[in-house]
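Letter by letter, the chains look like this.
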Amino acid sequence: MGRLDGKVALITGGSRGIGKAIAVAYAREGAKVFICARKAASLKKAAAEIRAVGGAVRWCAADLSKAREVKRVVRQVVHDYGTIHILVNNASILGPREPITRYPLSAWAEVLKVNLTALFLVTREVLGVMIPQRDGVIVNLSSGVGRIGKARWGAYAAAKFGVEGLTQVVADEVKEWNIRVNAVNPGGARTAMRAQAYPDEEPLTLPTPEEVTPVFVYLAGDESREITGRSFDARDWLKKFN
Ligand SMILES: NC(=O)c1ccc[n+]([C@@H]2O[C@H](COP(=O)([O-])OP(=O)(O)OC[C@H]3O[C@@H](n4cnc5c(N)ncnc54)[C@H](OP(=O)(O)O)[C@@H]3O)[C@@H](O)[C@H]2O)c1
């Protein structure tokens, strides 16, 4: 018996890094997973890895910063699996590591569009499926710089502060329908984004994406049925519960 048997999970940015690791972890727990990202080739590869652990997986290439593409993805999940029980808003971009005085407006707009507006668009669309069934779980990927701002994190940090705030707003709005919404800071993990942010860092000093997944399984499953509107830190959570 898996902890997510019978559940359908949509994981944005599930083609690599933490999103792919969450998709694999959910599939191992019995969920049917749907992953999306912009590049079809990496989605195809990730889907093969998920199938290799015995999981049911579908995928679809889409740019989630476009409202029309978000609608297409959510329609596809419902077409393929009939519903959505779990949404993980994981897709994100880093943007330039520049101080505000040098931060280009175009990059500012792009990072906010992908890291905050897309999360709003996906959440709004998926709630259209979750509210009528009076059941759902949403987990939003945050960051340490979404709680304490640091130099040269510009729009990325501003967007993640937005993710933390939106998590609380949506959690309060949907609690009457038995829908839970929480945020998780995964902490530094060995991914392409982290290597881009810290090019001089030795990746082997960091946890793998697989190591940060237990909190995501906990929040998606029934063990956390009372928990909503909260912010978790994957590393603290691991220390506390393992
Ligand atoms: N890694 C860390 O140390 C760390 C630390 C704190 C927080 N986080 C957060 O954890 C999450 C995962 O990070 P990661 O390191 O695994 O990142 P990553 O390896 O760069 O993966 C990002 C994923 O998002 C997708 N994506 C980006 N823009 C998209 C768009 N417009 N539409 C659809 N998909 C899009 C990417 O695929 P395509 O490029 O094909 O679209 C990819 O699948 C992010 O929210 C990140 O901010 C990570």
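Report follows, based on the coordinates. Computed from a predicted model, the values in this text were never measured in an experiment.

What follows concerns the nonpolar core. Counting 37 residues, the largest nonpolar core has Ile11, Tyr26 and Val33 as the members making the most contacts within it. Among the elements of the structure, strand S1 (8-12), helix H1 (17-28), strand S2 (32-37), helix H2 (40-52), strand S4 (86-89), strand S5 (136-141), helix H7 (214-220) and helix H8 (234-241) are those that each provide at least two residues to this core. With seven residues, the single largest contributor to this core is H1. The residues contacting Ile11, other than those within four sequence positions of it, are Gly19, Ile22, Ala23, Tyr26, Val33, Phe34, Ile35, Cys36 and Val88. Listed in part, the 27 residues of the second largest apolar core include Val8, Tyr81, Val126 and Ala171.

Before going further, it helps to examine a nonpolar patch on the surface. A grouping of Ile100, Leu105 and Trp108 is seen on the molecular surface, where their side chains present a nonpolar patch of about 340 Å² in accessible area. By secondary structure assignment, the location of Ile100 is in the loop between S4 and helix H4 (105-133).

Around the ligand, 29 residues are found, and the nearest of them are Ser15, Arg38, Tyr156, Ala189 and Thr191. Contacts to the ligand include Arg16, whose side-chain N or O atom sits 3.1 Å from an oxygen atom. Side-chain polar atom of Thr191 to an oxygen atom of the ligand: 2.5 Å apart, as the coordinates give it. Protein chains shield 97% of the accessible area of the ligand, which is 890 Å² for the free molecule. Among the secondary structure elements, those contributing two or more residues to the shell around the ligand are H1, helix H5 (154-174) and helix H6 (192-197). Ranked by the residues each element gives to the shell around the ligand, the list is headed by H6, at three residues. Residues that form the shell around the ligand fall into these classes: 13 nonpolar, ten polar and six charged.

A few words now on the pattern of salt bridges. Pairing of side chains with opposite charge becomes possible as their charged atoms draw close. Throughout the structure, instances matching the rule amount to twelve salt bridges. The shortest N-O distance in the salt bridge between Arg3 and Glu29 comes to 3.6 Å. In this pair, Arg3 sits in the segment before S1 while Glu29 sits in the loop between H1 and S2, placing the two residues 26 residues apart along the sequence. Arg3 sits in the partly exposed class, given a relative accessible area of 44%. A salt bridge links Asp80 to Arg58; its shortest N-O distance comes to 3.6 Å. Within this pair, whereas Asp80 is found in helix H3 (residues 67-81), its partner Arg58 is found in strand S3 (residues 56-61), the two being separated by 22 residues in sequence. Overall, the relative accessible area of 39% leaves Arg58 in the partly exposed class. Shared partners join several salt bridges into a network, and the residues in it are Arg3, Glu29 and Glu223.

What follows covers the pairing of S2. Within S2, five of the six residues are buried, which leaves the element mostly enclosed by the surrounding structure. Tracing the backbone out of S1, into H1 and back to the parallel element S2 gives a crossover that is right-handed. Bridging between S2 and S3 involves six bridges; their strand directions are parallel. Bridge pairing links Lys32 to Ala56 in S3. Between the parallel elements S2 and S3, the chain passes through H2 in a crossover that is right-handed.

A few words now on the environment of Trp237. Residue position: Trp237 is located in helix H8. C-alpha separation for the pair Trp237 and Thr208, spaced 29 residues apart in sequence, amounts to 16 Å.

Time to look at the side chain of His85. Relative to the helices and strands, His85 resides in the loop between H3 and S4. The exposure class assigned to His85 is buried, which follows from its relative accessible area of 15%. The contact partners of His85, leaving out residues within four places of it in the chain, are Gly6, Lys7, Val8, Met130, Gln133, Asp135, Gly136 and Val137.

What counts, and where the lines are drawn
Residues numbered from 1 in each chain as written. Predicted model: local features only at pLDDT ≥ 70, side-chain atom pairs only at ≥ 80, totals over all residues. Heavy atoms only, no water. Core = buried A, V, L, I, M, F, W, Y, C linked by side-chain atoms within 4.5 Å. Buried < 20%, exposed > 50% of the residue type's maximum accessible area, 1.4 Å probe, protein only. Helix = DSSP H or I, 4+ residues; strand = E, 2+ residues; numbered from the N terminus. Contact = heavy atoms within 4.5 Å. Patch = residues over 30% accessible without salt bridge, like charges linked within 9 Å, V, L, I, M, F, W, Y side chains within 5 Å. Areas by Shrake-Rupley, 256 points an atom, 1.4 Å probe, with all protein chains shown as cover. Salt bridge = Lys/Arg side-chain N within 4 Å of Asp/Glu carboxyl O. Near = heavy atom within 4 Å. Polar contact = N/O pair within 3.5 Å; in protein donor to acceptor, adjacent residues only side chain to side chain. Nonpolar A, V, L, I, M, F, W, Y, C, P; charged D, E, K, R; others polar. Right-handed = clockwise from strand over helix to strand, strands pointing away. Pairing = 2+ DSSP bridges.

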